[in-house]
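# Overview (structure and organization)
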Amino acid sequence: MTTQKRHLIIGGVAGGASTAARLRRLDESAEIIMFERGPHVSFSNCCLPWHLSGVIEKADTLVLMDPEQFWNQYRIIARTGHEVTAIDTANKTITVTQVATGTETTEAYDTLTLSPGASPVVPPIPGVDGEHVFTVRNVVDIDALNTFLHNRDVQDVVVIGGGFIGLEVAENLVHGGRKVALAEALPQVLSPLDPELAAVLHRELRNQGVDLHLGDAVAEIREDEVVLASGATVPAQAVVMSIGVRPETALARAAGLKIGTTGGIAVDEHFRTSAPDVYAVGDAIEVTHKLTGQPTLLAMAGPAQRQARAVADHIYGRPTRNRGVIGSSVVQVFDYTAASTGLNEKQATAAGIDHDFVYVIPADSVGIMPQSMPMFFKLLFERPSGRVLGAQAVGTGAADKRIDVIATLIMMDGTLEDLADLELAYSPIYSTAKDVVIHAALVGLNILHGEFEQVPVTQVRELVEEGAFIIDAREPDEFAAGHLTTAVNIPLSQFRDRLEEIPADREVYVHCRSSQRSYNMVRALAQLGRPNAVNISGSYLGISMEEFFTDAASGRDRIVTEYNFD
């Protein structure tokens, strides 16, 4: 006769609730109990910011399942308002405190799964404990913030931190009719993006009315304002802390479980902790990055759900595979979508991977279609193998679709040649016959094979200040509408008749609007006795995006006569 198994789970949401549901599908007879110290065991934490704009009108809508539903549908016991305060791994028991009464009980387990999540980072800033300062982690948090905003008729809100949650909170506050300032200590928002991609979002945030402060940490929070490290003050009737999260590991540490070098709970390939029959999943654990092989943290719902399934499968002897994580993500920033996967340049450099990149700005659909817009796309690849390492996409179109293609390729150890050979769905309203990702792969192969040289758009200011010879390959009317202050206008349609104007004894840097015409000129010049020609990746559209926000925020001298964003 089979002995009934007893599975206890600490924490709900993506990790804990998914583990419980999978365990039930594998064993109808098992006793499964989830413990959650808060009032909600299953809620959409990723949707929390949309309550601030009214897109999700009622906070209760964020709650996906309550304990009664868990019992009726799955015969899973969900005990909300119950905090696990201790784990005895030797005797395989946990101590549970009922939050409302303080009553303690001891529960035995056959297996224990930890899914405590991550807690918001709240640095010791003077004033951070004020009643008008909030974090956003759960339904209780977002309901408290929204209630405060409405009851106090709050108009000025400062969001501290420019990551995923900070950007989503800021946007929804704007849509809710409030004046929003966003302060970020780093020189850019969204650290998974490289600077030239983040620059596109900086412009969008400013255009949407967000008072954006970059490279300026918060020094003090006062009753009606926030003081930045620079000395600037920003009006603030409410403050939202969204600096980041850290794994919640206090319970694991107290139980003597091994903690990894990143601060997350250490687990093996089956998500087992250092204690027998104790597993851990979700934001609290340390995972392995597929591309670097190094430990990392990843607070994402998708990986947490996969981990939950793997835990339940391993408990019941089913084969599992853990290939590591690549950090795929997407976020809406007003009219733009920003998505990324794999490594960015900073991460690839830190990992010691020899790499190069492509930065292209093709149309996201056929140019004559009314909705066609530029897609800012960056692709990283390994040298000399051509293995794809990562990608970033920012645009008003389907940036997520392009990144999903690259994420799939990375998980299959794909190369630039594999990417170039893909057969993707095409219709003029959705893409071009040579889609953005295919375009990037072909350019990447040219770079990998040494077909031409390039410089990043981030170095253009330095080139201008050094007096480098820069050719603007656009037509005269385009040049007149805005150009680099030191550029010489030699259009693609004229350069063959004006070769004498192009130096042969020094490097020549060429740009157009989006690097297509300049690429063709560079290739032709190499065959016409000018192998010193270098393409400026991103060209004038990328230059305009790169320069705009910092010019506006700092008042520095501009290197362009006018910006061009069309």
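What comes next concerns the included structure. (Residues numbered from 1 in each chain as written. Predicted model: local features only at pLDDT ≥ 70, side-chain atom pairs only at ≥ 80, totals over all residues. Heavy atoms only, no water.)

### Describing the packing of helix H1 (residues 13-26) against helix H7 (residues 301-315)
Where H1 contacts H7, the two axes come as close as 8 Å, and the packing angle between them is 35°. H1 and H7 meet at a crossing whose hand is right-handed. Each of Ala14, Gly15, Ser18, Thr19, Arg22, Leu23, Arg25 and Leu26 in H1 lies in contact with H7, whose residues at this interface are Ala301, Ala304, Gln305, Ala308, Arg309, Val311, Ala312, Asp313 and Ile315. Taken together, the residues of the contact of H1 with H7 sort by class into nine nonpolar, four polar and four charged. (Axes fitted to C-alpha atoms, helices over the stretch in contact; angles between N-to-C directions. Helix = DSSP H or I, 4+ residues; strand = E, 2+ residues; numbered from the N terminus. Left-handed = near helix turned anticlockwise from the far one by under 90°. Contact = heavy atoms within 4.5 Å. Nonpolar A, V, L, I, M, F, W, Y, C, P; charged D, E, K, R; others polar.)

### Notes on the pattern of salt bridges
By the definition in use, this model includes 31 salt bridges. The partner of glutamate 83 in a salt bridge is arginine 37, and the shortest N-O contact between them spans 3.8 Å. A residue pair is termed long-range when its members are at least 10 positions apart, and glutamate 83 in strand S6 (residues 82-88) and arginine 37 in the loop between strand S2 (31-36) and strand S3 (42-43) qualify at 46 residues. Residue lysine 378 pairs with glutamate 196 through a salt bridge whose shortest N-O separation is 2.6 Å. In this pair, lysine 378 sits in strand S26 (residues 375-382) while glutamate 196 sits in helix H5 (residues 195-207), placing the two residues 182 residues apart along the sequence. Neither lysine 378 nor glutamate 196 differs from the other in exposure class; each is buried. Residues joined by salt bridges that share partners form a network here, namely Arg461, Glu465, Glu547, Asp551 and Arg556. (Salt bridge = Lys/Arg side-chain N within 4 Å of Asp/Glu carboxyl O. Buried < 20%, exposed > 50% of the residue type's maximum accessible area, 1.4 Å probe, protein only.)

### Describing the sheet that holds strand S17 (residues 233-235)
The three strands lie next to each other as S15-S16-S17, forming an open sheet whose pairing is antiparallel. The sheet is open, and its two edges are formed by strand S15 (218-221) and S17, each paired on a single side. The sheet shows a mean angle of 25° between the axes of neighbouring strands, taken without regard to direction. Of the strand pairs in this sheet, S15 and strand S16 (residues 225-228) are connected by three bridges, and their pairing is antiparallel. Within S16, the position partnered with isoleucine 221 by the bridge is valine 226. (Pairing = 2+ DSSP bridges.)

### Brief notes about the sheet that holds strand S5 (residues 77-80)
An order of S5-S2-S1-S9-S20 is seen for the five strands of this open sheet, with the pairing classed as parallel. Lying at the two open borders of the sheet, with one neighbouring strand each, are S5 and strand S20 (278-280). Across the sheet, the mean angle separating the axes of adjacent strands is 20° when strand polarity is ignored. Sheet analysis places strand S1 (residues 6-10) next to S2, joined by five bridges and oriented parallel.

### What about H5?
Here H5 spans 18 Å end to end across 13 residues, near enough to the 18 Å set by a 1.5 Å rise per residue. With respect to burial, H5 is a largely interior element, ten of its 13 residues being buried. Among the residues making up H5, those that are buried are Glu196, Leu197, Ala198, Ala199, Val200, Leu201, His202, Arg203, Glu204 and Leu205. Residue glycine 209 follows H5 closely and has a positive phi angle near 95°. (Expected span 1.5 Å × (residues − 1).)

### With respect to H1
The end-to-end C-alpha distance of H1 is 20 Å, a good match for the 20 Å that 14 residues give at a rise of 1.5 Å each. Taking burial as the measure, the 14 residues of H1 include twelve buried ones, the bulk of the element. Inspection of H1 places Val13, Ala14, Gly15, Gly16, Ala17, Ser18, Thr19, Ala20, Ala21, Arg22, Leu23 and Arg24 among the buried residues, and these make up the whole buried set. Considering only its buried residues, H1 is in contact with S1, S2, S3, helix H2 (67-74), strand S9 (111-114) and H7.

### Describing the packing of aromatic side chains
Applying the stated criterion across every chain yields a total of five aromatic pairs. With a centroid separation of 5.3 Å and an interplanar angle of 85°, the aromatic rings of phenylalanine 548 and tyrosine 563 are classed as edge-to-face. Placement of phenylalanine 548 in helix H15 (residues 539-554) and of tyrosine 563 in the segment after H15 is noted, with a sequence separation of 15 residues between them. For the pair phenylalanine 548 and tyrosine 563, one class covers both residues: buried. When the ring of phenylalanine 548 is compared with that of phenylalanine 565, the centres are 5.6 Å apart and the planes differ by 90°; the resulting orientation is edge-to-face. Of the two residues, phenylalanine 548 is situated in helix H15 and phenylalanine 565 in the segment after H15; the sequence distance between them amounts to 17 residues. You'll find phenylalanine 548 and phenylalanine 565 in the same group, each marked buried. Through pairs of rings, three or more aromatic residues link up here, namely Phe548, Tyr563 and Phe565. Cation over ring: arginine 474 sits above tyrosine 540, and NZ or CZ is 4.3 Å from the ring centre. (Phe/Tyr/Trp six-rings, centres within 6.5 Å; stacked < 30°, edge-to-face > 60°. Lys NZ or Arg CZ within 6 Å of the ring centre and 35° of its normal.)

### Things to note about unusual backbone geometry
In this structure, proline 384 follows arginine 383 across a cis peptide bond, with omega equal to 0°. Note that proline 384 resides in the loop between S26 and strand S27 (388-395). Phi is positive for phenylalanine 271, close to 70°, though the residue is something other than glycine. With respect to the helices and strands, the residue phenylalanine 271 is situated in the loop between helix H6 (250-254) and S20.

### Concerning the side chain of histidine 132
In this fold, histidine 132 is placed in the loop between strand S10 (118-120) and strand S11 (133-135). Setting aside residues no more than four positions away along its own chain, histidine 132 makes contact with Phe148, Ile221, Arg222, Glu223, Ala236, Gln237, Ala238 and Val239.

### Describing the environment of valine 122
Structurally, valine 122 is set in the loop between S10 and S11. For valine 122, a relative accessible area of 39% puts it in the partly exposed group. Spatially, the C-alpha atoms of valine 122 and isoleucine 243 are 7.4 Å apart, while their sequence positions differ by 121 residues. Excluding residues within four positions of it along the chain, valine 122 makes contact with Val128 and Thr135.

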